[in-house]
Amino acid sequence: MTRIRLALAIALALLWSVASAQGDPKVFAFGVYFEPSGVDPHISTDAAATWMANNLYDTLLRYDTTTLADGTVVGTTDFKPWLAESWTVSDDGRTFVFQIRDGVPFHNGDVLTADDVAFSLQRVLTLNFAPAQLLRNCTQPDLISVTGPLEVTVELVTACPFFLNLLVQTPTGSILNKAFVEANGGVQAETINEFLRNNPMGTGPFTWGEREPGVLYQLVAFPDAWSGAPKLDRIDFRFISDLASQYVLMQQGALDAMYNPPIDILEQALVNPALKVLDQQTIGLQTLYMPNKNPPFDDPRVRQAVQYALDQEEIAEAATLGLATPARGAFPSLLPGFTDAYWVYDRDVEKAKQLLADAGFPNGFDTTISYNSGNAQREISAVVAQAQLAEVGIRAEVQAVAWPTFVDGFREGTMPMYVVSGLAAPVPDQFIAQYFTTGSLGPGGNYAYYSNAEVDALTEQLAETTDAGERAAIMDRIQAILMEDMPSAFLYNAVLPYVVRAVVHDWIIYPSGDWFFATVYKD
């Protein structure tokens, strides 16, 4: 009885606090079903952590925007100066000199220096977590130096055509306050600083506010931000796991936005004049993973059969109301270097059955498809795939898994099949290294546990190649190999739909999947 009363008290308090923001044009109430793993950008790569860090920290460069014919401002994959006002590159492409913006305040009042910039880039490399994955191939801590009052020079160990693209990304390029870090645990190689994981302090337009696990986390406006004070005073991320409840609160005006709603809610929102739907076309693929280390998926014929059994158009239509486009390769269609020249997997049930028979499964087999609880797109994708696979003899049970258990499962490759998507930067070298090389198996991002020596070698060659034609040829060859090996079944290009109230304006959608809230305002 005590637990019931406590749960009821928490629920009533949540509803009261959400409702208290209703009608306040300076508070943005965002319904979410996830929480960030931490807010130290140099160690965290989960989407929620990156979305928070986007607004707490700044990078040397920032993704640019463009204005469409209808006046809508959208993000691009091009970048512009940000904390770095300008930079120069040597003729051989191996020396970058950055001029740092003067007078940029940190949240604690300190002013950004060249020391902070050099220290931050060195810290990423020293920690050596996922954000350092490609950066460490380009440079080392002792090659990053302060060469002027507001000047930082970075020497590269080899020409890295994607070096600047890495500095745009929040996990790799975020600039921290050197003195603050050193006063709070410092930097130890390959060690998480728990204080910084939970206590961010950057130069971004927002600071970290109240956090109550399972209930609330906040971004609070930093009025002295060098890029201008945010238009909102506060963003409340309200943890409400039930999406139907989120939608009710949206209709009441107690929530201003919800993320990735199920199809029934999306259909209602599309015809509700008080709401609007934003669809974020991203660089990523919704993917049906099959850990290649585990039978029967260690046989490429089985993986090919799975891909032939699937109708991507039907899955994309069901899961996203047609907002997403079907996959036509192992690369997202928005990733530079993508080609559909090697796609041969239009649905062919008889071909799938023959491949299964050739692999020793003339009667198919039993398996499980897992997805994370609450993710409507992945649930529908799994259910539709289940029905399609049954036609070729693959009998799959669909299973919802709580997020922490799900993360452990796909990182360790312990679930037979699982639907996961990831967001990527417009850097093909990084995408290939993360998703398809032996060095990234499991926790590194290669959740298919796919390994091919030629792909490994070509990926290393790509990272050292600057000629555009040669790079295109290497990426073509990698895609041809992937289409033959079929590490996973590729479903559709990832799309992130949001439902927002019509009073919300100027939320700029970026292909990278980043969330930047400084421009957002409410009527």
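A quick note: this is a predicted structure, and the numbers were derived from the prediction, not measured.

Student: How should I be thinking about the overall build of the protein chain in this particular structure?
Tutor: Scanning the protein chain from terminus to terminus reveals 18 helices and 18 strands. Its C-alpha atoms give the protein chain a radius of gyration of 23 Å, near enough to 24 Å, the size a compact globule of 523 residues would have. Reported as C-alpha extents along the three principal axes, the dimensions of the protein chain are approximately 70 × 65 × 50 Å. For the protein chain, the residues scored as buried account for 56% of the 523 residues in total.

Student: Hey, could you run me through the packing of helix H12 (residues 312–320) against helix H14 (residues 376–390) in this one?
Tutor: When two helices pack together, you describe them by how their axes are tilted relative to each other and by the distance separating the axes. Taken N-terminus to C-terminus, the directions of H12 and H14 make an angle of 145°; their axes are 8 Å apart at the nearest point. Between H12 and H14 lies a crossing whose hand is right-handed. Mapping the contact onto sequence places Glu314, Ile315, Ala318, Ala319 and Thr320 in H12 and Gln377, Ile380, Ser381, Val384, Ala385 and Gln388 in H14. Among the residues making up the contact of H12 with H14, the classes are represented as six nonpolar, four polar and one charged.

Student: Is there a simple way to explain the state of the cysteines in this structure?
Tutor: Covalently bonding the sulfur atom of one cysteine to the sulfur atom of another cysteine gives a disulfide. Across all of its chains, the model carries one disulfide by this definition. The side chain of Cys138 participates in a disulfide bridge whose partner is Cys160; the two sulfur atoms lie 2.5 Å from each other. Taking the sign of the torsion about the S-S bond as the criterion, the disulfide between Cys138 and Cys160, at about -120°, is left-handed. Of this pair, Cys138 sits in helix H4 (residues 135–138) while Cys160 sits in the loop between strand S7 (151–155) and helix H5 (163–168), and the two are 22 residues apart along the sequence.

Student: I keep staring at the packing of aromatic side chains and nothing clicks. Help me out?
Tutor: Two aromatic rings, taken as a pair, are described by how far apart their centres are and by the angle between their planes. The full count for this structure, using the stated rule, is 45 aromatic pairs. With a centroid separation of 6.5 Å and an interplanar angle of 45°, the aromatic rings of Phe79 and Trp87 are classed as tilted. Residue Phe79 is classed as partly exposed on the basis of its relative accessible area, which comes to 28%. Note on Trp87: relative accessible area 22%, which makes it partly exposed. Note on Tyr289 and Tyr418: the rings are 5.8 Å apart at their centroids and 15° apart in plane angle, and the pair reads as stacked. Placement of Tyr289 in strand S12 (residues 275–289) and of Tyr418 in strand S15 (residues 417–421) is noted, with a sequence separation of 129 residues between them. This pair shows no difference in class: Tyr289 is buried, exactly as Tyr418 is. Directly above the ring of Phe516 sits Arg62, whose terminal nitrogen or CZ lies 3.9 Å from the centroid. Here the guanidinium or amino end of Lys293 rests over the ring plane of Tyr449, the centre of that ring lying 4.1 Å away.

Student: When you look at the confidence of the model for the protein chain in this model, what are you seeing that I'm missing?
Tutor: For any part of a model where pLDDT is low, the fine detail of the predicted coordinates should not be relied upon. For the protein chain, the average pLDDT comes to 92, and 96% of its residues sit at 70 or higher. Scored below 50 in pLDDT, residues 1–14 shows five contacts in the model against residues more than four places distant or in partner chains.

Student: For this particular structure, what's the right way to read unusual backbone geometry?
Tutor: Trans is the prevailing form of peptide bonds, just as negative phi is the prevailing case for residues other than glycine. With omega at 0°, the peptide bond leading from Pro295 into Pro296 counts as cis. Considering the arrangement of structural elements, one finds Pro296 in the loop between S12 and helix H11 (300–309). Within the chain, Tyr449 stands out as a residue other than glycine whose phi angle is a positive 50°. Relative to the helices and strands, Tyr449 resides in the loop between helix H16 (428–436) and helix H17 (453–463). Phi is positive for Met486, close to 45°, though the residue is something other than glycine. Checked against the element boundaries, Met486 lands in the loop between helix H18 (468–485) and strand S16 (489–501).

Criteria and thresholds
Residues numbered from 1 in each chain as written. Predicted model: local features only at pLDDT ≥ 70, side-chain atom pairs only at ≥ 80, totals over all residues. Heavy atoms only, no water. Helix = DSSP H or I, 4+ residues; strand = E, 2+ residues; numbered from the N terminus. Rg over C-alpha atoms; globule rule 2.2 N^0.38 Å. Buried < 20%, exposed > 50% of the residue type's maximum accessible area, 1.4 Å probe, protein only. Axes fitted to C-alpha atoms, helices over the stretch in contact; angles between N-to-C directions. Left-handed = near helix turned anticlockwise from the far one by under 90°. Contact = heavy atoms within 4.5 Å. Nonpolar A, V, L, I, M, F, W, Y, C, P; charged D, E, K, R; others polar. Disulfide = S-S within 2.5 Å. Phe/Tyr/Trp six-rings, centres within 6.5 Å; stacked < 30°, edge-to-face > 60°. Lys NZ or Arg CZ within 6 Å of the ring centre and 35° of its normal. pLDDT = per-residue confidence, 0-100.

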